[in-house]
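Residue strings, one per chain:
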Amino acid sequence: MKPTTNLPIWQLLQTIYDPEIPVLSIVDMGMVRSVELNEEQVVISITPTYSGCPAMDIISMQIRMSLLEAGYKNIVLKQLLSPAWTTDWITQNGKDQLKAYGIAAPVGKSTDNLFLNNITIECPQCNSSNTVLVSQFGSTACKALYKCNDCMEPFDYFKCH
Amino acid sequence: MNYSTKTNHLLHLADNALIIGHRNSEWCGHGPILEQDIAITNIALDYIGQARNFYQYAAACINESDDTNMTNPATEDSLAYLRDVNDFKNHLITELPNGDWAQTILRIFLFSTYQYFLYQQLKNNDDAQLAAIAEKSLKEVTYHAQWSGDWVIRLGDGTDESKTRMVHAIEYIWPYTGELFTDGPAGIHEQWLQKVSSIFEEAGLAIPLNTWAQSGGMKGIHTEHLGYILAEMQFIQRAYPNSEW
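These figures come from a predicted structure and were not determined experimentally.

Student: Could you clarify how one ought to interpret the interface of chain A and chain B in this entry?
Tutor: Interface size is commonly expressed as the accessible area that is lost once the parts come together. With 15 residues of chain A at the contact, the number on the chain B side is 21 residues. Of the residues contributing to the side of chain A that touches chain B, the split by class is 9 nonpolar, 6 polar and no charged.

In structure tokens form, the structure reads like this:
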């Protein structure tokens, strides 16, 4: 295999975004679990955020396309379910990008039940803590809907999972 | 079809997730308010995703054990769309009509609470892939149980109208809960009853004393409702075989 670019594969994957959250790369999201490159093939293991996430098929296709463009030929994509994806794997860079995009990043660590407790979510627009949960489910499976009582803006919260 | 015990078990888990997922998806565009419409549609999506994981694994097991059928191997789609009513092994509770919001909510609460305790056991299963799917699904059904439990309390402890509807929903659905525990792992009936009792108590609702239970789903003996679900769900694949979006 002779890649036409020197970009390491991880850097390449850093340019692939979740189609629902176009500022968060699949690497920052923690979806890429491993990359193995040998003489014959490149094996990439990814894990879905939620079982029914409709973005998985698009993301798999994008990985394949960008590796093909970069000159890799034999590409194997593996889907791992265990250990189950957790928001703990979102990088600090990913959290910063989420906030800049107007989505509150997951608060605290994900344990079995922590994400079910009522926690204070900071408004990503004005940083106020005076916010209220509107709905436990938001625009996608991974988000909940909140409203800020100070700036009155509704916003998405990326749920601890 | 004569499948192995393991394959039948996987199909049972897959059918449960698919059928309750399909039922929940019927609310898409009809929710009482936008946020709850989105919530129930998201829950449906989780279920369809879990069903896909179970079907994919079941298909792999079927193809592994039967290499005479390589021109037409089992796939997640063939298992979901090309089996008939008597081949489906879902629990009857998943195929009951949605009814009103109370009936819909109560079914999700009773069933996702069951799944919560079931998946907690299955995630330690000796079969690594089954354990992985259970581990993944557990995080999702925990959220479903929490959301629907909040609604049971809100409706049961709400107005006279909401309480009356909840009581009717309990009368209708309760006889279908016994089947969940006839063949399941030991111990989860008690755990389930304890959780359901605590939510019912907070909601001011009573656990029915009648313990008579409907059954038959796992043997392929279904209510009349499943045929209608499959007719709608499978029509395109039956009328236009192998059609794709």
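Student: How do you make sense of the pairing of strand 9 (residues 154-158) of chain A when you look at a structure like this?
Tutor: As a general feature of sheets, a regular strand has side chains that alternate between the two faces. All names here are of chain A. Within strand 9, 4 of the 5 residues are buried, which leaves it mostly tucked inside the rest of the structure. Pairing geometry for strand 6 (residues 103-104) and strand 9, over 2 bridges, is parallel. Bridging from a neighbouring strand, Ala 104 pairs with Tyr 157 of strand 9. Bridge analysis of strand 8 (residues 143-148) against strand 9 gives 5 bridges, and the strand direction is antiparallel. What sits directly across from Tyr 146, in strand 9, is Phe 155.

Student: Whenever I open this one, unusual backbone geometry confuses me. Can you help?
Tutor: Residue Ser 82 of chain A is joined to Pro 83 of chain A through a cis peptide bond whose omega torsion reads 0 degrees. Here Pro 83 of chain A lies in the loop between strand 5 (75-79) and helix 3 (92-101). With a phi angle near 65 degrees, Met 152 of chain A is a residue other than glycine that sits in the positive phi range. What makes Met 152 of chain A exposed here is the crowd of 10 C-beta atoms within 10 Å. The backbone phi angle of Asn 242 of chain B is positive, close to 65 degrees, even though this residue is not glycine. Tracing the backbone through its elements, the reader meets Asn 242 of chain B in the segment after helix 9 (225-239).

Student: Is there a simple way to think about helix 5 (residues 101-122) of chain B in this case?
Tutor: Along an α-helix, a turn takes 3.6 residues, which lines up residues three or four apart on a common side. Given a rise of 1.5 Å per residue, 22 residues ought to cover 32 Å, and the 30 Å separating the end C-alpha atoms of helix 5 of chain B matches this to within 8%. Among the 22 residues that make up helix 5 of chain B, 19 are buried, leaving the element largely enclosed by the rest of the structure.

Student: Is there a simple way to think about the nonpolar core in this case?
Tutor: What tends to happen in soluble globular proteins is that the nonpolar side chains get buried as a cluster. Residue and element names in this part refer to chain B. Ranked by internal contacts, the top residues of the largest apolar core, which has 106 residues, are Ala 14, Phe 54, Ala 58, Ile 105 and Leu 106. Ranked by residue count, the leading element in this core is helix 2 (residues 34-65), at 16 residues. If we skip the residues at most four places from it in the chain, Ile 105 touches Ser 148, Trp 151, Val 152 and Leu 155.

Student: Explain the sheet that holds strand 7 (residues 131-135) of chain A here, please?
Tutor: Each strand in a sheet pairs with another by means of backbone hydrogen bonds, the pair being arranged parallel or else antiparallel. Pairing is mixed across the open sheet formed by 4 strands, whose spatial order is 6-9-8-7 (chain A). Of all strands in the sheet, those bounded by a partner on one side alone are strand 6 and strand 7 of chain A.

Student: Sorry, what's going on with the sheet that holds strand 5 of chain A here?
Tutor: Residues and elements named next belong to chain A. With respect to topology, 3 strands assemble into an open sheet ordered 3-4-5, the strand pairing being mixed. This sheet does not close on itself; its edge strands, each paired only once, are strand 3 (32-37) and strand 5. Taking the axes of each pair of neighbouring strands and ignoring which way they run, one obtains an average angle of 15 degrees across the sheet. Bridge count for strand 3 against strand 4 (residues 42-46) is 5 bridges, and the pairing is antiparallel. When the bridges of strand 4 are listed, Val 32 appears paired with Ile 46. The sheet contacts of helix 2 (residues 55-69) involve strand 4 and strand 5, and relative to strand 5 the element is tilted by about 155 degrees.

Conventions we followed
Residues numbered from 1 in each chain as written. Chains lettered and ligands numbered in written order. Predicted model: local features only at pLDDT ≥ 70, side-chain atom pairs only at ≥ 80, totals over all residues. Contact = placed C-beta atoms within 7 Å. Nonpolar A, V, L, I, M, F, W, Y, C, P; charged D, E, K, R; others polar. Buried ≥ 20, exposed ≤ 12 C-beta atoms within 10 Å, placed from the backbone. Helix = DSSP H or I, 4+ residues; strand = E, 2+ residues; numbered from the N terminus. Pairing = 2+ DSSP bridges. Expected span 1.5 Å × (residues − 1). Core = buried A, V, L, I, M, F, W, Y, C linked by C-beta atoms within 7 Å. Axes fitted to C-alpha atoms, helices over the stretch in contact; angles between N-to-C directions.

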